[in-house]
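# Report on the structure
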Amino acid sequence: MLIKAPSDIAPSEITPRSVYLSRRGLLAGAGALAGALAFGPADAATLTAAKSPFSTDEKPTPKKDVVSYNNFYEFGTDKADPVAYAGKLTTSPWSVKVDGLVGKPADYALEDILKGVALEERIYRMRCVEGWSMVIPWVGFPLAELLKKVEPQGSAKYVAFETLKRPSEMPGQKGVFQALPWPYVEGLRLDEAMNPLTILAVGLYGETLPNQNGAPIRLVVPWKYGFKSIKSVVRISLVEKQPETTWQKQNPGEYGFYSNVNPEVDHPRWSQKTERRIGEGSGLFAARRPTLMFNGYAEQVASLYSGLDLRKNY
Ligand code: MTE
């Protein structure tokens, strides 16, 4: 078993640097972030967060790899483009529009979204559709907490997400060659969005998110391919019909709505049976490891898909 139940966790396993189990510590976490947001993107601020029992005990990928090997097409299609060009993105002030089938639609300032929220450290395996993986110590909170506050209506069946569109600060959104249609959009079924593994992340490695990783707030869905984990979110809409997603629009033959990590369903152009863990070994000779069903989170999420043919609903 890869995920521990709360009772299995010894106090000695709690990360000393960033973790305090006291209520005071948790509140300080959200407070620290509110303070950090006032300073702007260049100043990574320390966040206080309790380690979540949903964390894997696998070794985190070195931070230098997590923050320099990225997909964020708004800044270019090369893995090195986001760290090179995302620094100029203005992430403060930031607000998220919550609309659609909710009782409390509004433009919520990020500070207000985080008020009273207890930040958690969630060490998750992440698996990219391209065949590489990382273990990332995110700092965030369950998306369900935000959704409950905005009061979804009975007719809401899906949650649609949208990234910022700001060509003046996002070079990948300018010029003749546009890699994707903008804004980048993604979606989840409401029960996937409410699952306790689904978080909104505001930090990693105990600090506020670097811009290239989706500052100041991004989705993290660890049992789905990385592209579902949409960055720099500016809009969350509760809707009745299955929303369009960027990669499905771009190439419907290769990318489906569900995008669950499934080693049994090959990408049309390559196998998904194995993956290369970034930071381990190097280049073509790095050992590949088997990819696990639902990226190893089957115990938590397989029941969401009972009755669904996962070969058709990829
Ligand atoms: N979100 C936006 N807005 N734009 C993107 O290009 N790329 C996705 C996802 N979220 C992407 C995005 C892909 S393909 C991956 S693998 C992950 O972000 C990578 O997240 P990371 O760079 O923080 O590891």
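The rules behind the values
Residues numbered from 1 in each chain as written. Predicted model: local features only at pLDDT ≥ 70, side-chain atom pairs only at ≥ 80, totals over all residues. Heavy atoms only, no water. Helix = DSSP H or I, 4+ residues; strand = E, 2+ residues; numbered from the N terminus. Contact = heavy atoms within 4.5 Å. Areas by Shrake-Rupley, 256 points an atom, 1.4 Å probe, with all protein chains shown as cover. Polar contact = N/O pair within 3.5 Å; in protein donor to acceptor, adjacent residues only side chain to side chain. Near = heavy atom within 4 Å. Salt bridge = Lys/Arg side-chain N within 4 Å of Asp/Glu carboxyl O. Buried < 20%, exposed > 50% of the residue type's maximum accessible area, 1.4 Å probe, protein only. Phe/Tyr/Trp six-rings, centres within 6.5 Å; stacked < 30°, edge-to-face > 60°. Arc of directions from axis to C-beta. Pairing = 2+ DSSP bridges.

Looking only at helices and strands, one finds eight helices and 13 strands in the protein. Taking all contacts inside the protein whose residues are at least 6 apart in sequence as the whole, residues at least 24 apart take part in 72%. When the accessible surface of the protein is totalled, it reaches about 13800 Å², and 57% of it is carbon and sulfur.

Another point: the side chain of Ser237. Along the chain, the position of Ser237 falls in strand 11 (residues 233-239). There is a polar contact of 2.6 Å between the side chain of Ser237 and the side chain of Asp99. Apart from residues no more than four positions distant in its own chain, Ser237 is found in contact with Asp99, Tyr158, Val159 and Ala160.

Taken together, 15 residues are adjacent to the ligand, and Asn70, Tyr73, Glu74, Thr163 and Lys231 come closest. Note that an oxygen atom of the ligand is positioned 3.0 Å from one of the side-chain N or O atoms of Arg218. Out of a free accessible area of 530 Å², the ligand has 95% covered by protein chains.

Here the focus is the pattern of salt bridges. A complete count under the given rule lists 21 salt bridges for this structure. Between Glu130 and Lys79 there is a salt bridge; the shortest N-O distance is 3.1 Å. Here the residue Glu130 occupies a position in the loop between strand 4 (120-127) and strand 5 (132-142), and Lys79 occupies one in the loop between helix 2 (63-66) and helix 3 (81-85), the gap between them amounting to 51 residues. Using a relative accessible area of 34% as the deciding quantity, one classes Glu130 as partly exposed. By relative accessible area, Lys79 is classed as buried at 17%. For Arg289, the salt bridge is made with Glu280, and the minimal N-O distance between the two is 2.9 Å. Overall, the relative accessible area of 27% leaves Arg289 in the partly exposed class.

On inspection of all chains with the given rule, the structure shows 11 aromatic pairs. Pairing Tyr69 with Trp132 gives two aromatic rings, centres 5.1 Å apart and planes at 85°, and the pair type is edge-to-face. Of the two residues, Tyr69 is situated in the loop between helix 2 and helix 3 and Trp132 in strand 5; the sequence distance between them amounts to 63 residues. Exposure remark for Tyr69: the relative accessible area of 24% places this residue in the partly exposed category.

As a further point, take helix 5 (residues 143-150). Turning to helix 5, its buried residues number three or more, namely Leu143, Ala144, Leu146, Leu147 and Val150. End-on, the buried residues of helix 5 take up no more than an arc of 160°, which puts them together on one face. In the stretch just after helix 5, Glu151 is the one whose phi turns positive, near 60°.

Moving on: the environment of Pro268. With respect to the element layout, Pro268 can be found in the loop between helix 7 (246-250) and strand 12 (274-277). Separated by 13 residues in the primary sequence, Pro268 and Tyr255 have C-alpha atoms spaced 9.4 Å apart. Those residues in contact with Pro268 that lie beyond four places of it in its chain are Gly253 and Glu254.

Following Ser92, the chain continues into Pro93 via a peptide bond in cis, with omega recorded as 5°. Structurally, Pro93 can be placed in the loop between helix 3 and strand 2 (95-100). Cis rather than trans, the peptide bond between Trp182 and Pro183 has omega equal to -5°. As for its position among the elements, Pro183 is in the loop between strand 6 (158-163) and strand 7 (185-189). A positive phi angle, near 55°, is found at Asn295, a position not held by glycine. If you trace the backbone, Asn295 turns up in the loop between strand 13 (288-290) and helix 8 (298-301). By relative accessible area, which is 2% here, Asn295 ends up buried.

On to the pairing of strand 7, then. Summarising burial for strand 7: five of the five residues are buried, a large majority. Side chains of strand 7 alternate between two faces, with Val185, Gly187 and Arg189 and Glu186 and Leu188 buried alike. With five bridges joining them, strand 6 and strand 7 adopt antiparallel strand pairing. Bridge pairing links Phe161 to Glu186 in strand 7.

By themselves, these figures tell us nothing about what the structure is for.
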